[in-house]
Amino acid sequence: MEKFLHFFIVLPFAGFLASLLLPRRNEKLISGFAIIISGIQLLLIAAFTFQWLLNQHPVLDIKHIVLFKTEGFEFFIDFYFDRITAVYAMVGCLLTFAVAIFSKYYIHREEGFKRYFSTLLLFSLGYNFLIFSGNFETLFIGWEILGITSFLLIAFYRDRFLPVKNSLKTIFIYRIGDICLILAMWMAHHVWQANITFKQLNDPGVAGFLAQNEFEVLFIAVMIFIAATLKSGQLPFSSWVPRAMEGPTTSSAIFYGALAIHAGVFLMMRTFPLWENLPVIRVLMIATGLATFFVAINIARVQPSVKTQIAYLSAAQIGLMFIEVALGFHTLALIHFAGNAFLRTWQLLISPSVMSYFIHDMFFSFMPSKPTTQTGFFSKIRNSFYLLGVKEWNLDFSIYRSLWDPFKWLGKQFGFMTAKVSLVLLAVLYFSGLNLLAAPGNLPVQITHALPVVFIAIALILILIAFAEKGDARKAWVLIFAGHHFILLSIALNESVELRQLLWYLSGTLAAGITGYFALNRIYAIDKDIRLDKFHGYVYEKPVAGFIFLLAALALVGLPLTPTFIGIDVLLTHIHEGQTALIILTACCFLFLEISILRIYARVFMGQHKKKNHPMAYKNS
């Protein structure tokens with residue numbers, strides 16, 4: 001049966017590619033095609049699961065294809081099927097099919113009708129990659145695609161300010177989770193000296209091996225826990241969930257009410273054998289789940305927006321699922337997941353109709369409540385919680401100030417490095433590093449060991465400058481491109497790297513960097529203005545250039561299955577366990593790399609068009 005697992009990936013992938021070729025104005029064909037693909041997927045997974053149950057529900061695992069192989073590392077796609085996958089697959093396929101049908105009418109005559117359904121099929125691909133994954137690399141492909149589709153669907157109304165802004169906020173939080181997963185995979189490669197599969201984690205003999213590498217396994221588990229917390233909107237990262245509701249109600253239902261928001265629960269269940277004997281992780285999960293439940297319930301009770309209420313209620317229920325998973329009640333967690341997913345999808349899909357009814361009813365039966373005066377200690381406590389709930393416990397403000405502003409300030413402080421003299425010195429330093437790489441000299445050991453850290457620090461500084469840049473978008477793009485090459489040089493100097501690994505990585509970054517620059521240059525030629533201190537909205541006049549730049553941007557940040565994506569994973573294996581400074585700086589580079597690049601795309605191509613002859617949208621949805 002395992003030979004059929006890859007069909008659940010091939011079908012949505014083929015559907016997504018085919019949807020790109022459909023005529024943009026034919027709504028009936030576009031929606032009908034997406035509904036047919038979703039329906040076939042549902043029928044296939046139902047038939048497969050039924051047959052799997054008849055065969056005594058064995059655990060299925062298949063190593064599908066090897067994408068890249070070196071002497072000490074193998075990057076391969078592995079598919080896995082067990083009861084967790086079965087529940088997530090059935091719920092996911094059923095809800096995707098239902099939402100596709102509902103969206104046919106809800107998105108009718110929207111400007112981005114085709115874009116919506118193509119992104120929905122891409123989401124289905126990412127979701128299936130995630131739940132059918134048999135190793136961390138395959139899971140990460142689905143994890144990344146979910147992040148990309150989140151960004152695109154939150155900013156679906158791309159002519160409005162808040163959807164674009166909140167899409168960047170969400171992808172920033174998502175990217176932190178991505179980096180945590182990358183660090184977990186990095187440490188796992190060093191612990192097992194191989195690409196470990198989830199089936200191997202369940203082997204009886206692995207418990208003794210985990211006990212021998214307790215610190216390394218704890219590090220992996222903590223990184224996985226943080227990634228799951230971020231993806232599922234648990235404290236202190238719950239505020240991104242209501243911000244993500246700026247997209248269409250249908251995408252909000254399937255993403256943040258039903259499927260994507262439960263990815264963190266899935267990750268913790270899938271990796272349970274790794275951390276089940278680590279009390280620290282269990283306590284963290286229970287504490288986080290309890291705190292999220294009570295705080296999110298408090299916030300949801302006093303919010304005036306239906307979407308915000310449902311967002312926090314969903315996060316609260318996931319907090320309970322975290323507790324269930326930590327206690328080992330996985331069957332209960334799966335039932336809870338299915339119930340919560342169906343309920344939140346139903347609530348979000350009917351919310352526009354319900355709100356219309358309530359507004360109509362208020363005109364005829366509104367009765368103001370009688371004023372009351374209450375004093376005392378408990379009344380003050382209740383009022384305090386009320387105010388905290390209204391302000392959402394300042395979660396959004398705290399995250400922005402603690403994670404976003406300090407790095408933007410740091411980037412501004414290093415702005416002097418973009419002067420001509422500084423750029424010349426950087427060029428000299430870079431070519432000196434290349435020369436040292438080609439012909440190693442007799443430098444002292446201390447300097448040789450320090451050079452990788454120096455070069456990765458320079459890479460981070462260049463990326464942070466681009467992150468804080470408010471001037472020409474081309475300048476920020478070149479800084480990011482240069483930062484990529486300093487990252488590569490740092491890792492190459494740290495350990496001997498095969499030439500084909502370097503070329504594999506460069507083949508992705510060079511093509512993406514050059515393509516992106518030419519796309520920006522073409523936009524610049526229109527009126528000599530693509531500053532990053534405002535939105536330009538050029539996607540309306542130059543949709544082809546916007547699409548090409550988006551592909552180049554995603555390839556440069558490591559779009560799944562691109563040379564850059566595989567190259568990042570391969571190159572990280574050349575950073576050793578004890579090189580703390582190097583791995584932290586490298587992780588920060590990849591964190592701000594994606595944020596900086598997507599910020600350029602959002603500022604240049606999205607938002608209200610700066611020319612007043614274009615329609616002006618409302619601020620939010």
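Placed above this text is the structure.
Overview of the structure. Everything quoted here is computed from the prediction, not taken from an experiment. (Residues numbered from 1 in each chain as written. Predicted model: local features only at pLDDT ≥ 70, side-chain atom pairs only at ≥ 80, totals over all residues. Heavy atoms only, no water.)

So, about the overall build of the protein chain. A count of helical and extended segments in the protein chain gives 25 helices and two strands. Here the protein chain holds 621 residues, and the buried ones make up 57% of them. Once local pairs closer than 6 in sequence are excluded, the contacts in the protein chain between residues at least 24 apart make up 80%. Of the accessible surface of the protein chain, which amounts to about 26,600 Å², a share of 67% is contributed by carbon and sulfur atoms. Computed over 47 positive and 34 negative side-chain charges, the inter-centroid distance for the protein chain is 12 Å. (Helix = DSSP H or I, 4+ residues; strand = E, 2+ residues; numbered from the N terminus. Buried < 20%, exposed > 50% of the residue type's maximum accessible area, 1.4 Å probe, protein only. Contact = heavy atoms within 4.5 Å. Areas by Shrake-Rupley, 256 points an atom, 1.4 Å probe, with all protein chains shown as cover. Lys, Arg positive; Asp, Glu negative; His and termini not counted. Charge placed at Lys NZ, Arg CZ, Asp CG, Glu CD.)

Our focus in this paragraph is the layout of surface pockets. Reported here for the largest pocket is a volume of approximately 1,500 Å³. In terms of lining, the largest pocket is formed by 44 residues, of which the most central are Phe 16, Leu 20, Ser 118, Phe 547 and Leu 550. For the lining of the largest pocket, the secondary-structure elements that each account for two or more residues are helix 1 (7-19), strand 1 (60-69), strand 2 (74-81), helix 4 (113-131), helix 5 (136-154) and helix 23 (543-557). For the lining of the largest pocket, the element with the highest residue contribution is helix 4, accounting for eight residues. Per-class residue counts for the lining of the largest pocket are 33 nonpolar, six polar and five charged. (1 Å grid on protein atoms, 1.4 Å probe; cavity = no way out; pocket = protein on both sides within 12 Å on 5 of 7 lines; lining within 4 Å. Points joined across faces, edges and corners; volume = space filled by probe spheres on them. Nonpolar A, V, L, I, M, F, W, Y, C, P; charged D, E, K, R; others polar.)

Enumeration according to the criterion identifies five cavities of 30 Å³ or more in this entry. There is about 120 Å³ of room inside the largest cavity. Those elements giving two or more residues to the lining of the largest cavity turn out to be helix 6 (161-192), helix 10 (240-243) and helix 18 (395-413). Of the residues that constitute the lining of the largest cavity, the class distribution is seven nonpolar, two polar and three charged. Taken as a whole, the second largest cavity holds about 110 Å³ of empty space. Surrounding the second largest cavity, Phe 140, Glu 144, Arg 175, Ile 182, Met 185, Val 557, Gly 558, Phe 565, Ile 568, Asp 569 and Leu 572 form its lining. The element that contributes the greatest number of residues to the lining of the second largest cavity is helix 24 (residues 563-572), accounting for four residues.

With that out of the way, let us pick up the packing of aromatic side chains. Here a ring pair, both rings aromatic, is described through the centre-centre distance and the interplanar angle of the planes. If you walk through the whole model with that rule in mind, you get 34 aromatic pairs. Their ring planes at 45° and their centres at 4.5 Å tell us that Phe 407 and Phe 592 sit as a pair that is tilted. Here Phe 407 is found in helix 18, whereas its partner Phe 592 is found in helix 25 (residues 580-605), with 185 residues between them in sequence. Phe 592 gets classed as buried once you look at its relative accessible area, which sits at 1%. Following the ring pairs from residue to residue traces out a cluster consisting of Phe 123, Tyr 127, Tyr 174, Trp 240, Phe 255 and Tyr 256. The lysine or arginine in question, Lys 63, covers the ring of Phe 76, its NZ or CZ lying 4.6 Å from the ring centre. (Phe/Tyr/Trp six-rings, centres within 6.5 Å; stacked < 30°, edge-to-face > 60°. Lys NZ or Arg CZ within 6 Å of the ring centre and 35° of its normal.)

A cluster of nonpolar side chains, contributed by Phe 377, Phe 378, Ile 381, Phe 385 and Leu 388, occupies part of the molecular surface with about 530 Å² of accessible area. By secondary structure assignment, the location of Phe 385 is in helix 17 (residues 377-390). (Patch = residues over 30% accessible without salt bridge, like charges linked within 9 Å, V, L, I, M, F, W, Y side chains within 5 Å. Salt bridge = Lys/Arg side-chain N within 4 Å of Asp/Glu carboxyl O.)

Bringing the nonpolar core into the picture now. Formed by 208 residues in total, the largest nonpolar core has its most connected members in Tyr 88, Trp 192, Ile 600 and Val 604. Here this core gets 19 residues from one element, more than from any other, and that element is helix 6. Apart from the residues lying within four places of it in its own chain, the contact partners of Ile 600 are Ala 473, Ala 476, Trp 477, Ile 480, Leu 520, Leu 532 and Phe 549. (Core = buried A, V, L, I, M, F, W, Y, C linked by side-chain atoms within 4.5 Å.)

Once that is clear, we can look at the side chain of Thr 138. With respect to the helices and strands, the residue Thr 138 is situated in helix 5. The contact partners of Thr 138, leaving out residues within four places of it in the chain, are Phe 76, Ile 77, Asp 78, Phe 79, Phe 129 and Ser 133.

Strand 2 sits mainly inside the fold: eight of its eight residues count as buried. Every second residue of strand 2 is oriented toward a common face, with Glu 74, Phe 76, Asp 78 and Tyr 80 on one face and Phe 75, Ile 77, Phe 79 and Phe 81 on the other, all of them buried.

Here we come to the pattern of salt bridges. Side chains bearing opposite charge may pair, as long as their charged atoms lie close to each other. All chains considered together, the criterion is met by 12 salt bridges. Measuring nitrogen to oxygen at the nearest pair gives 3.4 Å for the salt bridge that ties Arg 175 to Glu 144. Of this pair, Arg 175 sits in helix 6 while Glu 144 sits in helix 5, and the two are 31 residues apart along the sequence. Judged on exposure class, the residue Arg 175 and its partner Glu 144 are both buried. Here Arg 175 and Asp 178 are joined by a salt bridge, their closest N and O atoms 3.6 Å apart. Taken as a pair, Arg 175 and Asp 178 lie in helix 6 at a separation of three residues, close to a single helical turn.

With respect to the secondary-structure elements, Lys 408 resides in helix 18. In this structure Lys 408 is buried but unpaired, with Asp 405 as the nearest side chain of opposite charge at 5.9 Å. Setting aside its immediate chain neighbours within four residues, Lys 408 contacts Phe 467 and Ala 468.

This part is about helix 5. Helix length check: helix 5, at 19 residues, gives a terminal C-alpha distance of 27 Å against a target of 27 Å (1.5 Å per residue), a fit within 8%. Burial within helix 5 is extensive, with 18 of its 19 residues counted as buried. (Expected span 1.5 Å × (residues − 1).)

Let us look at unusual backbone geometry. Glycine aside, the phi torsion of most residues is negative, and most peptide linkages are trans. Between Leu 235 and Pro 236 the backbone carries a cis peptide bond, its omega angle lying at 0°. Topologically, Pro 236 is positioned in the loop between helix 9 (214-231) and helix 10. Of note, Gln 56 is a non-glycine position whose phi angle comes to about 70°, a positive value. Among the structural elements, Gln 56 can be located in the loop between helix 2 (27-54) and strand 1. Looking at Gln 56, the relative accessible area reads 63%, which means it is exposed. In this structure, His 57 is a non-glycine residue whose phi angle is positive, near 35°.

As for its position among the elements, Met 268 is in helix 12 (residues 263-270). It is 6.9 Å that separates the C-alpha atoms of Met 268 and Ala 228, two residues lying 40 residues apart in sequence. Not counting residues within four places of it along the chain, the set of residues in contact with Met 268 comprises Ile 224, Phe 225, Ala 228, Trp 275, Ile 281, Met 285 and Val 325.

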